[in-house]
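Examining the three-dimensional arrangement
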Amino acid sequence: MSKNYLIYADICCLCRSLDDLQQSRIKLEAEAMLSILEQCEQKKWTLVNSDALQFELAKNSDLFKKEQLEAILSIATNYLQTNDIIESLASDLVKLGFKLYDALHLAFSQTYNLDIFLTTDDRLLRKAKKYPDLITIKVENPVVWLMNILQEEADETNRN
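Reference entry: report on the structure contained in this document. Fair warning: this is a prediction, and the values are worked out from it, not measured in the lab.

**So, the sheet that holds strand S2 (residues 46-50)**
With parallel pairing, five strands are arranged side by side in an open sheet as S3-S2-S1-S4-S5. For this open sheet the edge positions go to strand S3 (78-80) and strand S5 (139-140), each flanked by a neighbour on one side alone. Pairing geometry for S2 and S3, over three bridges, is parallel. By the bridge assignment for S3, Ser50 is matched with Leu80.

So this is what it looks like as C-alpha cells:
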C-alpha cells in the first residue's frame, strides 16, 4: 500500500463492527472498516480523531460501545481541533439540512484537507454528493472506498 491516506470516519462507521453482523451489508462494512483500521494500526494509513468525534463519544451512554470506540480511536495519530473555519462551514451545512455532527465531521475532514471521509450513513452520503461546490472532501462508504483503493493499487502494480 503506497500512499499514506489521511482517513476520517464518523461514529457510525467506526462502530460498524459492533453492530449486528447478520446482515450482509453490515458485515461487509464491518470487514472493510477492520481492514482500514488494520492499515492504520500498521502505520500505513492514518486515522484522524477530532474534537467532534470526542464530544460525540462522550455523549454515548453505552459503556461497552464507548470503551470499544475509545480503543479504536486510540489508533488515531492525528488530532484535529475546532477552529472558526470549521464552525463556519459546519454552520453553513446545518443550514442546508445536515445534522450537527454530520456537518462537523464534514467540516473537520474538509478544512484539514484529509483524503477521505468515511460513513455508512446513506442519507449523509447522498446529501453530501448533492453539494459538490460546497463539499469538496471525498465522502464514501468504507466498502466502496477500500475496493477502489485496492483496485488502484493493483492497477499500479500491473503497470510496473
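Once the structure has been displayed, the description carries forward.
**Focus on the side chain of Gln110**
Secondary-structure assignment places Gln110 in helix H6 (residues 100-111). If near-sequence neighbours (up to four positions away) are discounted, Gln110 is found in contact with Leu89, Leu134, Ile135, Thr136 and Ile137.

**As for the environment of Lys127**
Tracing the chain through its elements places Lys127 in helix H7 (residues 122-129). Once the C-alpha coordinates of Lys127 and Phe117 are considered, the two residues, ten residues apart in sequence, prove to be 14 Å apart. Contacts of Lys127, omitting those with residues within four sequence positions, involve Leu96, Gly97 and Phe98.

**Re the side chain of Arg16**
With respect to the element layout, Arg16 can be found in the loop between helix H1 (11-14) and helix H2 (24-41). Among residues more than four places away in sequence, those in contact with Arg16 are Leu21, Ile26, Glu29, Ala30 and Thr120.

Rules behind the numbers
Residues numbered from 1 in each chain as written. Predicted model: local features only at pLDDT ≥ 70, side-chain atom pairs only at ≥ 80, totals over all residues. Heavy atoms only, no water. Pairing = 2+ DSSP bridges. Helix = DSSP H or I, 4+ residues; strand = E, 2+ residues; numbered from the N terminus. Contact = heavy atoms within 4.5 Å.

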